[in-house]
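# Notes for the structure review
Spelled out from the first residue to the last, the chains are:
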Amino acid sequence: MITPQQTAQPEQEKRLAARAALRWVRSGMLVGLGSGSTAAFFIAALGESIRQSDLQVQATATSLASEALAQQAGIPLVEPRRGLRFDLTVDGADELDAQLRLVKGGGGALLREKVLATASDYLLIVADSSKVVTQLGRFPLPLEVVPFALPWVLDAVAALGGAPVLRSMKNDSMEAARSDQNNFLVDCHFEAVPEPERLALHLQGIPGIVEHGLFLGLAQAAVVARGAEVLVLQPGKEPVAAASFSIPL
Ligand code: 5RP
């Protein structure tokens, strides 16, 4: 079990995990690019690698913000189309447990993130050590919600014990935050989610929830940095040092 580093330096850990994920990338791959600060480090490192070597990849991003970063980094982008499958998607997470069940969507990109995760043969999570938990739920679970449905979604989530809060913009305007699809984002304070699969089924049955931030059975591996140490986690297995991990791609 990984415990968060006492003197955690999340930014340095994020950078280390993101750099280590480059080992999964092969020339000719179609790569999904995640969202958030750790994914941003990966995008920058991938761009650098493309510029400094003969690495050739194409990519699609999970948010408008990551798309802009990829363009700046010189990563060739492809538009969504039928039949498109990704060899690898590299994305961050807000929480991950020993089975690599995830909470995602802290950055509001959960819908596109789940679309690409589902369209990928391999989802690799990159994270600092603070993201590893024994039980999901302390991080508020994000939902993307159609604006018209908001009042009923709030009622239904409250009935499930999720204490929903409509996310507002980070500035002081109190204006509701919007996803890249112009939907609302709702953060649900469950505090503990002992049965994520059961909760996911409940949430899928509530009309107006476009997507929820539980990513179950989607991640193949996670690269987690703890201090200067970088480990690879796989569902239900002991962590392995990233440097000695044999990459199955
Ligand atoms: C965005 C996400 C991010 O991957 C998640 O919030 C982690 O972000 P960070 O790497 O900045 O800690 O799910 O929707």
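Not measured: the values here are computed from a predicted model.

A few words now on the overall build of the protein. Looking only at helices and strands, the protein features 6 helices and 14 strands. Taken over the C-alpha trace, the protein has a radius of gyration of 18 Å; the compact-globule value for 249 residues is 18 Å, and the two agree within 12%. When the backbone C-alpha atoms are referred to their principal axes, the protein occupies close to 55 × 40 × 35 Å. Here the protein holds 249 residues, and the buried ones make up 51% of them. Within the protein, contacts between residues at least 6 apart in sequence are counted, and of these 75% link residues at least 24 apart. Total accessible area computed for the protein in this model is approximately 11800 Å², and 53% of it derives from carbon and sulfur atoms.

Before going further, it helps to spend a moment on the sheet that holds strand β13 (residues 229–233). Ordered in space as β2-β1-β3-β6-β12-β13-β14, the 7 strands form an open sheet in which the pairing is mixed. Only two strands of the sheet have a single partner each, and these edge strands are β2 (58–61) and β14 (240–241). Both β13 and β14 contribute to a ladder of 2 bridges, which runs antiparallel. Across the sheet, V232 pairs through a bridge with V240, a residue of β14.

With that settled, consider helix α5 (residues 150–159). Inspection of α5 places L150, V153 and V157 among the buried residues, and these make up the whole buried set. Along the axis of α5, the buried positions cluster into a sector of 60°, meaning they face one direction only. Looking at α5, the residues exposed on the side facing more than 90 degrees away from the buried face are W152, D155 and A159. Turning to α5, the residues buried within the fold contact β7 (141–145), β8 (164–166), β9 (184–188), α6 (196–204) and β10 (209–212).

To continue, consider the packing of helix α2 (residues 37–52) against helix α3 (residues 64–73). One way to put it is that α2 packs onto α3 with a least axis distance of 9 Å and a crossing angle of 20°. Taken as axis vectors, α2 and α3 run roughly parallel relative to one another. At the point where α2 passes α3, the crossing takes the right-handed sense. Contacts between α2 and α3 involve A40, I43, G47 and R51 from the first element and S66, L69, A70 and A73 from the second. Considering only residue class, the contact of α2 with α3 consists of 5 nonpolar, 2 polar and 1 charged.

The pairing of strand β1 (residues 30–33) with β2 spans 4 bridges and is parallel. Within β2, the residue paired with L33 across the bridge is A61. A crossover connection joins β1 to the parallel β2 through α2; in handedness this β-α-β unit is right-handed.

This next bit is on the nonpolar core. Among the nonpolar cores identified, the biggest contains 36 residues, and W24, L33, F42, L46, I75 and L124 are the most heavily contacted of them. Top contributing element to this core by residue count: α2, with 6 residues. With residues near it in sequence (within four places) discarded, I75 still touches L33, I43, L46, G47, I50, A59 and A70. Counting residues in hydrophobic clusters, the runner-up holds 22 residues, among them A176, C188, L199 and L203.

What the domain assignment lists for the protein is domain 1 (10–132 + 216–244) and domain 2 (141–211). Domain 1 puts 14 residues into the contact, and the matching count from domain 2 is 14 residues. Broken down residue by residue, the surface that domain 1 buries against domain 2 is led by L110, L111 and L216, which jointly contribute 41%. In this assembly, domain 1 and domain 2 are joined by 2 salt bridges. Taking the shortest distance from any N to any O, the salt bridge between R101 and E197 comes out at 3.2 Å. Taken together, domain 1 and domain 2 are joined by 6 residue pairs in polar contact (both at pLDDT 80 or more). If you tally residues by element for the side of domain 1 that touches domain 2, the top one is helix α4 (residues 110–118), at 4 residues.

Definitions and cut-offs
Residues numbered from 1 in each chain as written. Predicted model: local features only at pLDDT ≥ 70, side-chain atom pairs only at ≥ 80, totals over all residues. Heavy atoms only, no water. Helix = DSSP H or I, 4+ residues; strand = E, 2+ residues; numbered from the N terminus. Rg over C-alpha atoms; globule rule 2.2 N^0.38 Å. Buried < 20%, exposed > 50% of the residue type's maximum accessible area, 1.4 Å probe, protein only. Contact = heavy atoms within 4.5 Å. Areas by Shrake-Rupley, 256 points an atom, 1.4 Å probe, with all protein chains shown as cover. Pairing = 2+ DSSP bridges. Arc of directions from axis to C-beta. Axes fitted to C-alpha atoms, helices over the stretch in contact; angles between N-to-C directions. Parallel < 35°, antiparallel > 145°, perpendicular 65-115°, else oblique. Left-handed = near helix turned anticlockwise from the far one by under 90°. Nonpolar A, V, L, I, M, F, W, Y, C, P; charged D, E, K, R; others polar. Right-handed = clockwise from strand over helix to strand, strands pointing away. Core = buried A, V, L, I, M, F, W, Y, C linked by side-chain atoms within 4.5 Å. Domains from an automatic or database assignment. Buried area = accessible area lost by both parts, 1.4 Å probe. Salt bridge = Lys/Arg side-chain N within 4 Å of Asp/Glu carboxyl O. Polar contact = N/O pair within 3.5 Å; in protein donor to acceptor, adjacent residues only side chain to side chain.

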